Amino acid sequence: MTEPIGGAERRVHPRFDLLAQIRVKRGSVTYVLELRNISKSGAIIHTGTLKVPTWVRPQRDIEIHILHPEDLEPVLVSGKIVRVNKTDEGTLFAVHFDSVKEDSKKDIARLIALGRPQPPPLPKN
């Protein structure tokens with residue numbers, strides 16, 4: 001399970017654990033990354049063993065294609081990178097989706113339906 005990035009809880013919508021492939025095109029390079037979890041308003045993405053690209057930084061606008069794990073149809077969403085967290089396992093970054101088109105809202109709902117609900121984090125003592 002992925003812990004909140006950056007410490008304080010910022011969830012507006014419940015998160016759902018879901019492993020799926022993400023594709024991000026930057027210039028002539030297409031990056032293949034891993035979706036870790038998703039909500040109606042955003043996602044957590046893992047860079048895997050990839051050296052962290054210079055464009056992975058807060059406030060960067062990003063367009064991502066999430067490949068639906070069952071039918072492999074790409075779900076296109078755009079947003080902004082809001083947090084970046086480097087861990088022993090690699091780098092995770094949080095994307096907050098911008099205004100999502102109706103078609104994409106339906107596609108995100110289909111992705112969420114495949115996921116496993118993530119419990120809220122325990123309060124810090």
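Everything below is about the structure printed above this text.
No experiment lies behind these values; they were computed from the predicted model shown. (Residues numbered from 1 in each chain as written. Predicted model: local features only at pLDDT ≥ 70, side-chain atom pairs only at ≥ 80, totals over all residues. Heavy atoms only, no water.)

Participant: Explain the pairing of strand 4 (residues 61-67) here, please?
Facilitator: Within a regular beta strand, the side chains point alternately toward one face of the sheet and then the other, so they alternate between its two faces. Bridge count between strand 1 (residues 16-26) and strand 4: 2 bridges; the pairing is antiparallel. Across the sheet, residue Arg-23 finds its bridge partner in strand 4, namely His-65. Between strand 4 and strand 5 (residues 74-87), which follow one another and run antiparallel, lie 6 residues, and Leu-72 among them has a positive phi close to 60°. (Pairing = 2+ DSSP bridges. Helix = DSSP H or I, 4+ residues; strand = E, 2+ residues; numbered from the N terminus.)

Participant: Can you help me understand the nonpolar core in this one?
Facilitator: Generally speaking, a soluble globular protein has its nonpolar side chains buried in company with each other. With 26 residues, the main nonpolar core has Ile-38, Trp-55, Ile-64, Ile-66, Phe-93 and Phe-97 as its most contacted residues. Sorting the residues of this core by element identifies strand 1, strand 2 (29-38), strand 3 (42-46), strand 4, strand 5, strand 6 (90-97) and helix 1 (102-114) as the ones contributing at least two each. (Core = buried A, V, L, I, M, F, W, Y, C linked by side-chain atoms within 4.5 Å. Buried < 20%, exposed > 50% of the residue type's maximum accessible area, 1.4 Å probe, protein only.)

Participant: When you look at unusual backbone geometry in this model, what are you seeing that I'm missing?
Facilitator: For residues besides glycine, phi is generally negative; the peptide bonds are generally trans as well. Non-glycine residue Gln-59 carries a positive phi angle of around 75°. Note on placement: Gln-59 falls in the loop between strand 3 and strand 4.

Participant: Would you mind going over helix 1 with me for this structure?
Facilitator: Since the α-helix packs 3.6 residues into each turn, any two residues three or four apart lie on the same face. Across its 13 residues, helix 1 extends 19 Å between first and last C-alpha, which sits within 8% of the 18 Å expected from 1.5 Å per residue. Looking at helix 1, one finds that the buried residues are Ser-104, Ile-108, Leu-111 and Ile-112. The buried side chains of helix 1 occupy one side of the element, clustering within an arc of 100° when seen end-on. For helix 1, exposure combined with an orientation more than 90 degrees from the buried face picks out Glu-102, Asp-103, Lys-106 and Ala-113. On its buried side, helix 1 packs onto strand 1, strand 2, strand 4, strand 5 and strand 6. (Expected span 1.5 Å × (residues − 1). Arc of directions from axis to C-beta. Contact = heavy atoms within 4.5 Å.)

Participant: Got a minute to help me understand the environment of Val-100 in this structure?
Facilitator: By the secondary structure assignment, Val-100 is in the loop between strand 6 and helix 1. C-alpha separation for the pair Val-100 and Val-77, spaced 23 residues apart in sequence, amounts to 6.9 Å. In this structure Val-100 touches Lys-105 and Ile-108, once residues within four positions along its chain are discounted.

Participant: Could you clarify how one ought to interpret the side chain of Thr-47 in this entry?
Facilitator: Looking at the secondary structure, you find Thr-47 in the loop between strand 3 and strand 4. The class of Thr-47 is buried, set by a relative accessible area of 5%. Apart from residues no more than four positions distant in its own chain, Thr-47 is found in contact with Leu-33, Val-52, Thr-91 and Phe-93.

Participant: Explain the environment of Val-75 here, please?
Facilitator: Mapping Val-75 onto the fold places it in strand 5. C-alpha separation for the pair Val-75 and Lys-105, spaced 30 residues apart in sequence, amounts to 9.5 Å. When neighbours within four sequence positions are excluded, Val-75 is seen to be in contact with Ile-64, His-65, Ile-66, Asp-107, Ile-108 and Leu-111.

Participant: Just checking my understanding: could you explain the pairing of strand 2 for this structure?
Facilitator: The sheet contact formed by strand 1 and strand 2 spans 9 bridges and is antiparallel. By the bridge assignment for strand 2, Phe-16 is matched with Ile-38. In textbook terms, the turn of a hairpin is the stretch between consecutive antiparallel strands, and for strand 1 and strand 2 this stretch comprises 2 residues, one of which, Gly-27, has a positive phi near 65°. Where strand 2 and strand 3 come together, 4 bridges link them in antiparallel fashion.

Participant: How should I be thinking about the pattern of salt bridges in this particular structure?
Facilitator: In a structure, side chains of opposite charge can pair up when their charged atoms sit close to one another. What the rule picks out here adds up to 6 salt bridges. One network of salt bridges, with partners in common, ties together Asp-71, Asp-107 and Arg-110. (Salt bridge = Lys/Arg side-chain N within 4 Å of Asp/Glu carboxyl O.)

So far we have only geometry, and geometry alone does not tell us how the molecule works.
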